[in-house]
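Each chain, letter by letter, is given below.
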Amino acid sequence: IPVGIYCPFPGIDAYRPSTRTPIDRFFLAGDWTQTSLPFSMESAVRSGALAAEAVLSDEGQSANLAVELQISGGLSNALEWTKFGSPQFLRGLGR
């Protein structure tokens, strides 16, 4: 594997599709969708949660499955969010 995390060009986020599509009841999920995270496993997990939220929303139900991102404080704090066991991630799982 030449690169563990894809290194996109500036502005590439404008081309990442959202979870919702123009097709009724058809949703997208994957690290390549709009997640506010770089292309990674964490982005893939977040996109799955966002897609599940969209499905539930269309069924008239509300759920907070995707952990709200509050990245501030520079690179070191942003990297903290990529840790699977971060306190914010575990709170999102109800732990």
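What you see is a predicted model; the values in this text were computed from it and never measured. (Residues numbered from 1 in each chain as written. Predicted model: local features only at pLDDT ≥ 70, side-chain atom pairs only at ≥ 80, totals over all residues. Heavy atoms only, no water.)

Structural notes on the environment of D24
Then, number 1: Within the element layout of this structure, D24 appears in the segment before α1 (41-58).
Then, number 2: Taking the relative accessible area as the measure of exposure, D24 reaches 65% and is therefore exposed.
Then, number 3: Remark: the alpha-carbon pair of D24 and D58, spanning 34 residues in sequence, is separated by 9.6 Å. (Helix = DSSP H or I, 4+ residues; strand = E, 2+ residues; numbered from the N terminus. Buried < 20%, exposed > 50% of the residue type's maximum accessible area, 1.4 Å probe, protein only.)

A short note on the environment of A51
Then, number 1: As for its position among the elements, A51 is in helix α1.
Then, number 2: On a C-alpha basis, the gap between A51 and A66 in space is 9.2 Å, while along the polypeptide they are 15 residues apart.
Then, number 3: Not counting the four nearest positions on each side in its chain, A51 is found in contact with T19, L28 and A29. (Contact = heavy atoms within 4.5 Å.)

Concerning the confidence of the model for the protein chain
Predicted coordinates in areas of low pLDDT are best not read in detail.
Then, number 1: Of the residues in the protein chain, 65% reach a pLDDT of 70 or more, and the chain-wide mean stands at 79.
Then, number 2: Confidence, expressed as mean pLDDT per element, reaches its minimum in the protein chain at helix α3 (residues 87-92) with 53 and its maximum at α1 with 94. (pLDDT = per-residue confidence, 0-100.)

Overview of the side chain of R16
Then, number 1: Within the secondary structure, R16 is located in the segment before α1.
Then, number 2: Among the residues examined, R16 registers a relative accessible area of 5% and is labelled buried.
Then, number 3: Among the polar contacts made by the side chain of R16, one reaches the side chain of S43 at a distance of 3.4 Å.
Then, number 4: Those residues in contact with R16, other than ones at most four positions away along the chain, are D31, W32, T33, Q34, T35, L37, P38, F39 and S43. (Polar contact = N/O pair within 3.5 Å; in protein donor to acceptor, adjacent residues only side chain to side chain.)

Details of α1
Then, number 1: Compared with an ideal rise of 1.5 Å per residue, which puts 18 residues at 26 Å, α1 spans 26 Å between its outermost C-alpha atoms and is within 8% of the ideal.
Then, number 2: What α1 keeps buried is the set S43, R46, S47, A49, L50, A51, E53 and A54.
Then, number 3: Phi turns positive, to about 80 degrees, at G60, one or two residues after α1. (Expected span 1.5 Å × (residues − 1).)

What to know about the pattern of salt bridges
Working definition: two side chains of opposite charge can pair if their charged atoms are close together.
Then, number 1: For the structure shown, the criterion picks out three salt bridges.
Then, number 2: Put simply, R16 and D13 hold a salt bridge, and the shortest N to O gap is 3.0 Å.
Then, number 3: Note that R25 and E59 form a salt bridge whose closest N and O atoms lie 2.7 Å from each other. Of this pair, R25 sits in the segment before α1 while E59 sits in the loop between α1 and α2 (75-81); the two residues are 34 residues apart in sequence, bridging distant segments of the chain.
Then, number 4: Owing to a relative accessible area of 59%, R25 belongs among the exposed residues under this scheme.
Then, number 5: Under the relative-accessibility criterion, E59 is labelled partly exposed at 44%. (Salt bridge = Lys/Arg side-chain N within 4 Å of Asp/Glu carboxyl O.)

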